[in-house]
Amino acid sequence: MEKITSELKDVKTVGIAGHVRPDGDCVGACMGLYLYLKANYPEIETDVYLEEPKAGFSFIRDLDQIKTEYDEKKKYDVFFILDTSEKNRIGVALAGYESAKKTVCIDHHISNKGFGEVNIIKPELSSASELLYTLLEKEKITAEAAEAIYTGIVHDTGVFQYSCTSPQTMRIAAELMEMGINFSRIIDKSFYEKSYVQNQILGRCLMESILIMGGKVIVGYIRKRDMEFYGVEPKDLDGIVQQLRVTKGVEVAIFIYEVKTQEFKVSLRSNGNVDVNAVASYFSGGGHVKAAGCTMQGSVYDVINNLTRPIAKQLKERSQTS
């Protein structure tokens, strides 16, 4: 598929969805496609499904049009899944995906094996939003759609600082800027700005974090009762693992938060010498070489012990070959 246009012939209804707990790239890609279709194909009935995004994305046009629940009566001619590595990670509209006449998966996760009827998976690209941009007709991208796409690229590149940022990424960002977007506001509002309680929970996690494996691994942990005390949700925990990652001397950052008794969500970030996708995949998760995640059961100590074994193995193998 060279352009998304090829998938829209004789199409009357389109559904769009992303993964559970949508991050900036997921929200940006889904809303970018939604706004593009609404502007250029008004005759197509288009719906976008996501769990409620964090308040920092409120500047994106038509964010209030997101559907957070799926109507089982809805059947779509084409269903686009963006930034989602596995079918079981589709958020609120899995039933819509399964009942659609045609499914299209647009993703950049190296762990994605292709679960759509049509699969456009390019792990070499920085983000699903960058990939989406290459699939759209540039002259038809509105400023509103450009804002959403730029937001996604900003988030998955860490404001263009991560190694996934390529010269093409920067060229695309420049082209989006030329469309008249308020790029500085996008970065401030969606990436850096945090509420007072978000800063409090970040501080709590940093204060209680521990260094292990000779300072090569840092672990931060948030209990469910802490989240309830501060009144935060999982979407409010964005950025914590990145702050852990920039600790001097650290090779891997592990951020764990409690979902329910004996169940934890894990985010992993690497500074280069550990493939955290391999670690997460071992525990039925996945992602990228330097950024991945998974869900694990047991006590928090079990989780930490189980994660550190494959990390230690990789570090040992790396030291023996260097």
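Before going into details, it helps to say that this report is about the structure given with it. (Residues numbered from 1 in each chain as written. Predicted model: local features only at pLDDT ≥ 70, side-chain atom pairs only at ≥ 80, totals over all residues. Heavy atoms only, no water.)

Side note on the sheet that holds strand β8 (residues 252–260)
So, step 1. Pairing within the open sheet is mixed, and its six strands lie in the order β6-β7-β8-β9-β11-β10. Across the chains shown, the open sheet's two edge strands, defined by having one partner strand only, are β6 (210–212) and β10 (286–287).
So, step 2. Contacting β6, β7 (217–222) and β8, helix α7 (residues 196–208) runs over the sheet at an angle of about 135 degrees to β7.
So, step 3. Relative to β8, helix α11 (residues 300–321) is tilted by about 150 degrees, and along the sheet it contacts β6, β7, β8, β9 (263–270) and β11 (291–297). (Pairing = 2+ DSSP bridges. Helix = DSSP H or I, 4+ residues; strand = E, 2+ residues; numbered from the N terminus. Contact = heavy atoms within 4.5 Å. Axes fitted to C-alpha atoms, helices over the stretch in contact; angles between N-to-C directions.)

Considerations on the state of the cysteines
So, step 1. Considering all chains together, one arrives at zero disulfides under this definition.
So, step 2. Not engaged in a disulfide, the cysteine C30 finds its nearest cysteine sulfur in C26; these two sulfurs lie 4.3 Å apart. (Disulfide = S-S within 2.5 Å.)

With respect to the nonpolar core
So, step 1. Core analysis: the biggest nonpolar cluster contains 54 residues, and I16 and F80 have the highest contact counts within it.
So, step 2. Sort the elements by how many residues they give to this core and helix α1 (residues 24–40) lands first, with ten residues.
So, step 3. Once residues lying within four places of it in the same chain are set aside, the contact partners of I16 are C30, L33, Y34, L37, T46, D47, V48, Y49, F79, F80 and L82. (Core = buried A, V, L, I, M, F, W, Y, C linked by side-chain atoms within 4.5 Å. Buried < 20%, exposed > 50% of the residue type's maximum accessible area, 1.4 Å probe, protein only.)

What about the sheet that holds strand β5 (residues 118–121)?
So, step 1. The parallel open sheet is built from five strands, whose spatial order is β2-β1-β3-β4-β5. The open sheet has two edge strands, β2 (45–49) and β5, and neither has a second partner. Neighbour-to-neighbour, the strand axes of the sheet open up by a mean angle of 15 degrees, direction not taken into account.
So, step 2. α1 rests against β1 (13–17), β2 and β3 (78–82) of the sheet, and its axis sits at about 170 degrees to β2.
So, step 3. Lying over the sheet, helix α3 (residues 128–135) contacts β3, β4 (102–107) and β5, oriented at roughly 120 degrees with respect to β4.

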